[in-house]
Amino acid sequence: MRAMAAEGAGLATPAIVLGAAVVGGVAARYLRMPTMLGYIFAGTAVGFFRDRLGISQEQIMPIADLGVVLLLFVVGIEFSLRSLGTAWKLAFLAAPLQVVLSIAMGYGIGRLLGFEPSASAILGYAISMSSTALALKLITERHDIRSPFGVSTLTYAIVQDLSLVLGLGLFTVLEQGGGVSVALRGLGTNALVILAALLLATRVMPLVLKSAARMRSRELFILVAVAICMGAAFGASLVGLSVAVGAFLAGLIISESEYSHAVVAEIIPFRDLFGSVFFVSVGMLLNPTYLQEGWVAILALSGTILLGKAILIGLLTRATGQHPHVAITAGLALSQIGEFSFIVAAEAMRMEFISKEVYDLLVSTTLVTMVLSPLLFRMEPLFSKWLAPAARFTAPKEEAPARFKRHVILLGLGRVGQHILEVLTSCNTKVIAVDVSVDRLNRAKSPNVFTVFGDASNPWILRQCRPEYATTAIIAIPDALEARAITEQLKRINPDLTILARTHSYEAARDLEAAGVTSAVMAEEEAAKVLARRALFYCGADPSRIESVIAASSQRWKWEGDAPQVEEIE
């Protein structure tokens, strides 16, 4: 019994943290707050009783680090390097300038607070980083990530995250006491790492993922994706970069592959699990004693940062020609300090660039800004209304890309799906086809057909098909349970979407239509209709009479489920 108790003691900390995550997440949902904030609050509450509960920070941090790695891996995939090209003024002018000016703002604040120049610079660098996860969550709750609002926010986040690659590399150089030449050498090394990532993205990684996808094994595909993530994180640590940066670069590598959607779909459950642990652990980082003693300074600094960054990003975005509403939205979404700042603060304290007091102030301020920024973002309509007279405010319309306008979603490219696709493409209809077979997708590609590799029942994969802009979805997958799950997901995204599905029983047809399918087609019934129609035609029956009888019989078969009873033809 003692041995079993000792063995289970190691599970106490993870159990408490996961329990706190559940409570915090449920509370956040009831309060209609981002679940991320619920996790942070739960972690903060646990942190007050950490000593009594016997929770060890050393035990939970490896799990939290895994959450960061998976979080940034998915963020890297979602970003895609091509996103920079769609908003080059923001990417190459406004966003880098935002990082520089935020560092200057933070440096000035640090000097006013009496910090050393190095500590002030660290404070400024940490302030320049926004929470990618939180900002994208706020944006996607209201707008599409591909809209002007999403692209603008995304571009700032990309540049901020990429600056971390160079920043942490520079930390390592400064720790070693090198001069200008050593610093330049360190920056050169980091640039080579990024270049290597680009080469992998365009040359090696597509071949690796293509080989894994051809094996038609979901487990193997997940293993390959996670191995790439962990391998990149470990490789980054070997060259002196953060494991988080390595995971982010791995995501960027995979983002250029046609299988990126399938990777994200499989990784998301793991990301959400370990990500919740990370945010709970973030809350646990808060020093209760420092919070009680320095709450005035924390609130004052948090307010300054929130307003200062929102105004700075808003003005820079507007200066690049973006719509005023886009500028306001981006500024409010990115006004907080983010999760990367914890990495900056931890590395800086480990290298003795900042004291424990500065670390506590930075961590506390980061947590407060992450809590307050969603509340500030909810006031965006009010800010827009105030600024409307001066900017002649009119919200821009979010238009779908050309290939996502009035298209048909075809789920499954088996024999039935391939026949359907042939008919649709013959009529020049735009189609987004989903399947788990690489060969089928390659054969289906054409100017009017956009393909998505992955499991059609996965919500993430379905979102890539843009159901909100589609006219019709055709479920050519024979499994009734999978078809029902797909129907529910599609209706959740677009309640007005017309959905057609195939099935093999009258009971399944009734269930699918009850779930939201517009019309469920039973293969055996359709074959019977064709054969009966042709037989009656050869017998000399009136064509209009044939169709009315078949239509009546079809309706009766479906809802009664009895054996077919064909009405006598005169």
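This is a predicted model, so every value here is computed, not measured. (Residues numbered from 1 in each chain as written. Predicted model: local features only at pLDDT ≥ 70, side-chain atom pairs only at ≥ 80, totals over all residues. Heavy atoms only, no water.)

Peer 1: Help me understand the overall build of the chain, please; the structure alone is not making it clear to me.
Peer 2: Summing up its helical and strand segments, the chain has 27 helices and 6 strands in all. The contacts in the chain between residues at least 6 apart in sequence include a share of 72% that link residues at least 24 apart. Accessible surface, the chain: about 27,000 Å² in total, of which carbon and sulfur atoms supply 63%. (Helix = DSSP H or I, 4+ residues; strand = E, 2+ residues; numbered from the N terminus. Contact = heavy atoms within 4.5 Å. Areas by Shrake-Rupley, 256 points an atom, 1.4 Å probe, with all protein chains shown as cover.)

Peer 1: Please explain the packing of helix 2 (residues 12-30) against helix 3 (residues 35-48) as it appears in this structure.
Peer 2: Two numbers describe a pair of packed helices, the interaxial angle and the distance between the axes. Orientation of helix 2 relative to helix 3, taken along the N-to-C sense of each, is 130°, at an axis distance of 7 Å. Classified by the interaxial angle, the pair formed by helix 2 and helix 3 is oblique. Where helix 2 crosses over helix 3, the handedness of that crossing is right-handed. Residues Ile16, Ala20, Ala21, Gly24, Gly25, Ala28 and Arg29 of helix 2 form the contact with helix 3, whose participating residues are Thr35, Gly38, Tyr39, Ala42 and Val46. (Axes fitted to C-alpha atoms, helices over the stretch in contact; angles between N-to-C directions. Parallel < 35°, antiparallel > 145°, perpendicular 65-115°, else oblique. Left-handed = near helix turned anticlockwise from the far one by under 90°.)

Peer 1: Just checking my understanding: could you explain the packing of helix 7 (residues 88-112) against helix 8 (residues 117-128) for this structure?
Peer 2: Packing of helix 7 against helix 8 brings their axes to within 7 Å, and their N-to-C directions diverge by 135°. Classed by the angle they form, the pair helix 7 and helix 8 counts as oblique. Here helix 7 runs over helix 8; the crossing is right-handed. Contacts from Gln98, Val99, Ser102, Ile103, Met105, Gly106, Tyr107, Ile109, Gly110 and Arg111 in helix 7 reach Pro117, Ser120, Ala121, Leu123, Gly124, Tyr125, Ile127 and Ser128 in helix 8. Its residues assigned to classes, the contact of helix 7 with helix 8 shows 10 nonpolar, 7 polar and 1 charged. (Nonpolar A, V, L, I, M, F, W, Y, C, P; charged D, E, K, R; others polar.)

Peer 1: Teacher, can you tell me more about the pattern of salt bridges here?
Peer 2: Two side chains bearing opposite charge may form a pair once their charged atoms approach each other closely. What the rule picks out here adds up to 5 salt bridges. A salt bridge links Arg440 to Asp435, with the nearest nitrogen and oxygen atoms 3.5 Å apart. (Salt bridge = Lys/Arg side-chain N within 4 Å of Asp/Glu carboxyl O.)

Peer 1: Would you mind going over helix 17 (residues 324-333) with me for this structure?
Peer 2: Residues three or four positions apart in an α-helix share a direction because the helix packs 3.6 residues into each turn. With 10 of its 10 residues buried, helix 17 lies for the most part within the structure. Taken residue by residue, helix 17 has Pro324, His325, Val326, Ala327, Ile328, Thr329, Ala330, Gly331, Leu332 and Ala333 as its buried positions. (Buried < 20%, exposed > 50% of the residue type's maximum accessible area, 1.4 Å probe, protein only.)

Peer 1: Please explain the nonpolar core as it appears in this structure.
Peer 2: It is characteristic of soluble globular proteins that their nonpolar side chains tend to be buried jointly. In terms of nonpolar packing, the biggest core is built from 66 residues, with Phe279, Val280, Ile354, Leu367 and Met370 touching the most fellow members. When residues in this core are grouped by element, the largest group, 10 residues, is from helix 19 (residues 356-377). Excluding residues that lie within four positions of it along the chain, Phe279 makes contacts with Met36, Tyr39, Ile40, Leu71, Ala133 and Met370. Counting 64 residues, the second largest nonpolar core, distinct from the first, contains Leu421, Leu441, Ala501 and Ala509. (Core = buried A, V, L, I, M, F, W, Y, C linked by side-chain atoms within 4.5 Å.)

Peer 1: Would you take a moment to explain the sheet that holds strand 3 (residues 449-453) for this structure?
Peer 2: Whether parallel or antiparallel, the strands of a sheet pair through hydrogen bonds between backbone atoms. The strand order 3-2-1-4-5-6 describes an open sheet built from 6 strands, whose pairing is parallel. Of all strands in the sheet, those with a lone pairing partner are strand 3 and strand 6 (519-522), marking the two edges. Across this sheet, the average inter-strand angle for adjacent strands is 15°, counted without regard to direction. Pairing analysis gives 4 bridges linking strand 1 (residues 408-411) to strand 2 (residues 431-435), with the strands arranged parallel. Counted as the bridge partner of Leu411 is Val434 from strand 2. (Pairing = 2+ DSSP bridges.)

Peer 1: Where do I start with helix 21 (residues 415-426) in this structure?
Peer 2: Here helix 21 contains 12 residues, and its C-alpha end-to-end distance of 17 Å stays within 8% of the 16 Å for a straight helix at 1.5 Å per residue. Along helix 21, the positions that sit buried rather than exposed are Gly417, Leu421 and Leu424. Buried residues in helix 21, looked at end-on, bunch into an arc of 65°, giving them a common side. Looking at helix 21, the residues exposed on the side facing more than 90 degrees away from the buried face are Arg415, His419, Glu422, Val423 and Ser426. Elements that come into contact with the buried residues of helix 21 comprise strand 1, strand 2, helix 22 (438-444), strand 3 and strand 4 (472-475). One or two positions beyond helix 21, positive phi appears at Asn428, with a value near 60°. (Expected span 1.5 Å × (residues − 1). Arc of directions from axis to C-beta.)

Peer 1: Where do I start with the confidence of the model for the chain in this structure?
Peer 2: For any part of a model where pLDDT is low, the fine detail of the predicted coordinates should not be relied upon. Averaged over all residues, the pLDDT of the chain is 78; the fraction at 70 or higher stands at 80%. Note that residues 1-6 has pLDDT below 50 and, in this model, 0 contacts with residues that lie over four places away or in other chains. Below pLDDT 50 for its whole length, residues 562-570 participates in 13 contacts with residues either more than four positions away or in separate chains. (pLDDT = per-residue confidence, 0-100.)

Peer 1: Explain a nonpolar patch on the surface here, please?
Peer 2: A surface patch of nonpolar side chains, amounting to about 470 Å² of accessible area, comprises Val22, Val26, Tyr30 and Leu31. Position of Leu31 among the secondary structure elements: in the loop between helix 2 and helix 3. Overall, the relative accessible area of 57% leaves Leu31 in the exposed class. (Patch = residues over 30% accessible without salt bridge, like charges linked within 9 Å, V, L, I, M, F, W, Y side chains within 5 Å.)

Peer 1: Would you mind showing me how to read the packing of aromatic side chains here?
Peer 2: Remark: the centre distance and the inter-plane angle together describe each pair of aromatic rings, the angle taken between the planes. Counted under the stated rule, the structure contains 1 aromatic pair. Between Phe221 and Phe453, the ring centres sit 5.6 Å apart and the planes meet at 55°, which makes this aromatic pair tilted. Of the two residues, Phe221 is situated in helix 12 (residues 218-238) and Phe453 in strand 3; the sequence distance between them amounts to 232 residues. Phe453 carries the same exposure label as Phe221, and that label is buried. (Phe/Tyr/Trp six-rings, centres within 6.5 Å; stacked < 30°, edge-to-face > 60°.)

Peer 1: What exactly am I supposed to notice about the pairing of strand 5 (residues 498-503) here?
Peer 2: Direction of pairing for strand 4 relative to strand 5: parallel, over a ladder of 4 bridges. Paired with Ile474 across the strands is Leu500, a residue of strand 5. Following the backbone out of strand 4, through helix 24 (residues 480-493) and into the adjacent parallel strand 5, one traces a crossover that is right-handed. Where strand 5 and strand 6 come together, 4 bridges link them in parallel fashion. Each bridged residue has a counterpart across the sheet, and for Ala501 the counterpart in strand 6 is Ala520. What joins strand 5 to strand 6 is helix 25 (residues 506-515), and the crossover it makes is right-handed. (Right-handed = clockwise from strand over helix to strand, strands pointing away.)

Peer 1: Looking at this structure, how should I read the environment of Gly19?
Peer 2: Relative to the helices and strands, Gly19 resides in helix 2. With 23 residues separating them along the chain, Gly19 and Ala42 place their C-alpha atoms 9.3 Å apart.

Peer 1: When you look at the pairing of strand 1 in this model, what are you seeing that I'm missing?
Peer 2: Two faces belong to every sheet, and in a regular strand the side chains alternate between them. Residues of strand 1 alternate between two faces, with Val408 and Leu410 on one and Ile409 and Leu411 on the opposite face, all of them buried. For the segment spanning strand 1, helix 21 and strand 2, crossover handedness is right-handed. Across 4 bridges, strand 1 lies against strand 4 in parallel orientation. Looking at strand 4, one finds that Leu411 is bridged to Ile475.

Peer 1: Before we go on, may I ask you to explain the side chain of Thr320 in this structure?
Peer 2: With respect to the element layout, Thr320 can be found in the loop between helix 16 (295-319) and helix 17. A polar contact of 2.6 Å, which involves the side chain of Thr320, links it to the backbone oxygen of Thr317. Apart from residues no more than four positions distant in its own chain, Thr320 is found in contact with Lys89, Leu90 and Ala94. (Polar contact = N/O pair within 3.5 Å; in protein donor to acceptor, adjacent residues only side chain to side chain.)

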